[in-house]
Amino acid sequence: MLELEEEVEQLKAAVSSHAVVDQAIGMMVALGRVSPDQGWDVLKEVSQHTNIKLRNVAELILVWGREGDIPADIRTELEDALDRHGPTQIPGSP
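Residues numbered from 1 in each chain as written. Predicted model: local features only at pLDDT ≥ 70, side-chain atom pairs only at ≥ 80, totals over all residues. Heavy atoms only, no water.

(A) Focus on unusual backbone geometry. The phi dihedral of Asn-51 is positive, around 60 degrees, even though this residue is not glycine. Assignment of secondary structure puts Asn-51 in the loop between α2 (36-50) and α3 (54-67). Residue classification places Asn-51 among the exposed residues on the basis of a relative accessible area of 73%. (Helix = DSSP H or I, 4+ residues; strand = E, 2+ residues; numbered from the N terminus. Buried < 20%, exposed > 50% of the residue type's maximum accessible area, 1.4 Å probe, protein only.)

Structure, rendered in structure tokens:
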């Protein structure tokens, strides 16, 4: 029974993580004018270049969308990745 409860918790965490990543990809699509596949690539690159788990990068991007604040290093990597994958920069960037 304990194994089943652990498995259910792992599945809940996976579903939650997937939703956060999907929402961040949606922001990349809307703000960066990239395709969903390119949005995924942008998130992966930011994660790899900052050595932050992809889910955490996605969470930071969602916080930025709600509150307008994002760490400078994440913003720089995000702009660079969007420049490589899309036609525009992040709105409000210098």
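Moving on, there is more to tell.
(B) Inspection of the nonpolar core at higher detail. In this structure, Met-28, Val-42, Leu-43, Val-46, Ile-61 and Leu-78 are the most contacted members of the largest nonpolar core, which totals 21 residues. For this core, the elements supplying multiple residues, two or more each, are α1 (2-32), α2, α3 and α4 (72-85). (Core = buried A, V, L, I, M, F, W, Y, C linked by side-chain atoms within 4.5 Å.)

(C) Inspection of α2 at higher detail. The end-to-end C-alpha separation of α2 is 21 Å, in line with the 21 Å expected for 15 residues at 1.5 Å each. Those residues of α2 not exposed but buried are Gly-39, Val-42, Leu-43, Glu-45, Val-46, Ser-47 and Thr-50. (Expected span 1.5 Å × (residues − 1).)

(D) Representation of the side chain of Glu-45. Mapped onto the fold, Glu-45 is located in helix α2. Leaving out residues up to four positions away in the same chain, Glu-45 has contacts with Ala-81, Arg-84 and His-85. (Contact = heavy atoms within 4.5 Å.)

(E) Quick look at the pattern of salt bridges. Scanning the model with the defined rule gives 4 salt bridges in all. Salt-bridge contacts for Glu-45 lead to Arg-84; the nearest nitrogen and oxygen are separated by 2.6 Å. Of the two residues, Glu-45 sits in helix α2 while Arg-84 sits in helix α4, which places them 39 residues apart along the sequence. Here Glu-45 falls in the buried class, since its relative accessible area comes to 17%. A salt bridge links Arg-55 to Glu-59; the nearest nitrogen and oxygen atoms lie 1.8 Å apart. Note that Arg-55 and Glu-59 are positioned in helix α3 at a spacing of 4 residues, about one turn of the helix. Since its relative accessible area comes to 31%, Glu-59 is described here as partly exposed. (Salt bridge = Lys/Arg side-chain N within 4 Å of Asp/Glu carboxyl O.)

(F) Region of interest: the environment of Gly-32. With respect to the helices and strands, Gly-32 occurs in helix α1. Residue classification places Gly-32 among the buried residues on the basis of a relative accessible area of 0%. Taking C-alpha positions, Gly-32 is 6.2 Å from Gly-86, a pair spaced 54 residues apart along the chain.

(G) Looking closely at the packing of α2 against α4. For the pair α2 and α4, interaxial distance at closest approach is 9 Å and the crossing angle is 140 degrees. Classed by the angle they form, the pair α2 and α4 counts as oblique. Helix-helix and strand crossings are classified by hand; for α2 and α4 the assignment is right-handed. Contacts between α2 and α4 involve Gln-38, Asp-41, Val-42, Glu-45, Val-46, His-49 and Thr-50 from the former and Asp-73, Ile-74, Glu-77, Leu-78, Ala-81, Leu-82, Arg-84 and His-85 from the latter. Grouping the constituent residues of the contact of α2 with α4 by class yields 6 nonpolar, 4 polar and 5 charged. (Axes fitted to C-alpha atoms, helices over the stretch in contact; angles between N-to-C directions. Parallel < 35°, antiparallel > 145°, perpendicular 65-115°, else oblique. Left-handed = near helix turned anticlockwise from the far one by under 90°. Nonpolar A, V, L, I, M, F, W, Y, C, P; charged D, E, K, R; others polar.)

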